[in-house]
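Tertiary structure, described
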Amino acid sequence: MPLTACYVGVPEGSGDATSLDDDVGETLGEGSGESSSSSSSGESGPGEDESSSESGPGEDESSSESGPGESTEDESTDSSDSEEEGSTSEDTGPQPMTVCERWNADRADMSEGSWSGSLNGCNAGDMDASWRERSLTLINLYRFLAELPPVTTSAERDAMAQSCALMMDANGALSHNPPMGWTCYSADGAQGAGSSNIAGTAAVAAVDLYMVDPGNETTIGHRRWILSNSLGPTGIGSTDGYSCMWTLGGNGNAGKAWTAFPTPGEFPFEAMNPLWWGGGLDETGWTVQSDSIALNGAQVSVSVGGQDYPVAVTNLAGGYGSTSAIKFTPQGWSAEAGTTYHVEVTGIREPIVYDVEVVDCG
């Protein structure tokens, strides 16, 4: 049976559902349903496998990674040596966007769209194409920050995710294993439910919710699936109030040794909490995930200018988008724009060292 972790609730003062559900395990009806990770045999409960550590000293050997906003050195020659007098330089074409330019461009239109279906008659209908594209753009924005390749959708998975969203909406609930007695039950919808991140909100807003991932303290599974090496193609389906995003059985092969979030290099301050409520990543935790490095039992130190910033470290359940993962939660401090946080993950085969430069993209 698949492992599940659920968040169902409404923030105080909110009139909108902000429910989440994530899943790992065999994809329903898809043979082995392999993800980028091995499935766990059980689900850790609240507080299980949780530990707290003060930041510790780093080690000499390290695996470091620069983010999309960091410059890299390249070899160059003086123009006077390489060009004859009177020659003109070659046009190198448009320059890549900065992190803030990409963040603002991809979030210029955060509107939901038009659903052609109806609960009456159990008509799954479809999202309009531009609506699905806006949701996919946000998924790929977060993957861009993590230096992961973009993903596409497939028509087949879109259709099953759409049937999934209809079922969730018709029953006003979230389930990866919906019973056959559910209103608007369908085999396609059930397969979509067992293979997706699912949320009690529409498809554009759901992406930010997945990345903050409140209520999934032992997994942070939605975020890890979006940042998975294996993700893609995905499928996106939505009604006006519920949505499903296919994650399992991907054929992606990003091959990153590890992925951190917040990401190394420049990281938008606005991504620390893209929601209008809650404490964002500083509350749910910063994460490091890997398919090849055993992270359980790792120690984490965070510092700014040589001053330690304490964190509490939690081992996360394996199999949710990655084989292994940890989170570390700030203790008595919050990330600030204009500050660079030096992170060292030690007590593992090869230490992981990186800097997060929080930049204001407003």
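The residue numbering used here restarts from 1 in each chain and proceeds along that chain's sequence as written. The predicted origin of the model limits local features to residues at a pLDDT of at least 70 and limits the giving and counting of side-chain atom pairs to 80 or more, whereas totals for whole chains, interfaces and linings rest on all residues. Heavy atoms throughout the structure, all of them, feed into the side-chain values; hydrogens and water do not.

You'll find the chain entered in an unreviewed UniProt entry as SCP family protein, with Plesiocystis pacifica SIR-1 given as the organism.

**Concerning the state of the cysteines**
Applicable threshold: Count a disulfide wherever a pair of cysteine sulfur atoms falls within 2.5 Å. Elements are defined by DSSP. Helices are runs of H or I of four residues or more, strands are runs of E of two residues or more, and each kind is numbered from the N terminus. With a 1.4 Å probe rolled over the protein chains alone, any residue whose accessible area is under 20% of its type maximum counts as buried; one over 50% counts as exposed, and the rest are partly exposed.
Counted according to the given criterion, the structure contains three disulfides. In this model, Cys100 is linked to Cys361 through a disulfide, with the two sulfur atoms separated by 2.0 Å. The sign of the -75 degrees torsion about the S-S bond sets the Cys100-Cys361 disulfide as left-handed. Taken together, the residues span a long stretch of sequence, with Cys100 in helix 2 (residues 99-106) and Cys361 in the segment after strand 15 (352-359) at a distance of 261 residues. By the burial criterion, Cys100 is buried, and Cys361 matches it. A sulfur-sulfur separation of 2.1 Å characterises the disulfide bridge that pairs Cys164 with Cys244. On the sign convention where negative means left-handed, the S-S torsion of about -75 degrees between Cys164 and Cys244 marks this disulfide as left-handed. Of the two residues, Cys164 sits in helix 4 (residues 155-171) while Cys244 sits in strand 6 (residues 243-246), which places them 80 residues apart along the sequence. The exposure classification of Cys164 matches that of Cys244, with both residues buried. The connectivity of the disulfides in the chain is 1-6, 2-4, 3-5, where the numbers refer to bonded cysteines in sequence order.

**What to know about the nonpolar core**
Put simply, the test is: To define a nonpolar core, start from buried Ala, Val, Leu, Ile, Met, Phe, Trp, Tyr and Cys residues and group those joined through side-chain atoms within 4.5 Å.
The biggest cluster of nonpolar side chains holds 62 residues, and the ones touching the most others in it are Trp286, Val288, Val300, Phe328, Val345, Ile352 and Tyr354. For this core, the element with the most residues is helix 3 (residues 129-145), which contributes eight residues.

**Structural notes on the pattern of salt bridges**
This is how the line gets drawn: In what follows, salt bridge is the name for a side-chain nitrogen of Lys or Arg lying within 4 Å of a carboxyl oxygen of Asp or Glu.
Going through the model one piece at a time under the given rule, you end up with five salt bridges. Of the charged contacts in the structure, one is a salt bridge between Arg102 and Asp106, with a shortest N-O distance of 2.5 Å. Taken together, the residues Arg102 and Asp106, both in helix 2 and four residues apart, mark about one turn of the helix. Its relative accessible area of 17% is what places Asp106 among the buried residues.

**Some details on the sheet that holds strand 12 (residues 311-315)**
Where strands meet in a sheet, backbone hydrogen bonds hold them as pairs that are either parallel or antiparallel. This is how the line gets drawn: For two strands to pair, DSSP has to find at least two bridges joining them. Helix axes are fitted to C-alpha atoms over the stretch in contact, other axes to C-alpha atoms as well, and angles between N-to-C directions run from 0 to 180 degrees.
The antiparallel open sheet is built from four strands, whose spatial order is 7-9-13-12. The open sheet is flanked by strand 7 (259-261) and strand 12, the only strands paired with a single partner. Geometrically, the sheet is characterised by an average inter-axis angle of 15 degrees between neighbouring strands, direction not taken into account. For strand 9 (residues 286-290) and strand 13 (residues 324-330), the ladder comprises five bridges, and the chain directions are antiparallel. Counterpart to Gln289 in the pairing with strand 13 is Ala325.

**Quick look at the environment of Leu145**
Following the sequence through the fold, Leu145 ends up in helix 3. By relative accessible area, which is 1% here, Leu145 ends up buried. Here the alpha-carbon distance between Leu145 and Pro264, two residues 119 residues apart in the chain, equals 8.5 Å.

**A few points about the packing of aromatic side chains**
Put simply, the test is: Whether two aromatic rings pair depends on their centres lying within 6.5 Å, for rings of Phe, Tyr and Trp, where Trp uses its six-membered ring; planes under 30 degrees apart make the pair stacked, over 60 edge-to-face, and the rest tilted.
Tallying each qualifying case throughout the model produces ten aromatic pairs. Seen in terms of ring centroids, Phe261 and Phe267 are 5.2 Å apart; in terms of plane orientation they differ by 85 degrees. Their pairing is edge-to-face. What makes Phe261 buried here is its relative accessible area of 1%. Aromatic side chains Tyr309 and Tyr341 sit 6.1 Å apart centroid to centroid with 80 degrees between the ring planes, which places their arrangement in the edge-to-face category. Note that Tyr309 is positioned in strand 11 (residues 307-309) and Tyr341 in strand 14 (residues 340-346), a separation of 32 residues in sequence. Tyr341 sits in the buried class, given a relative accessible area of 1%.

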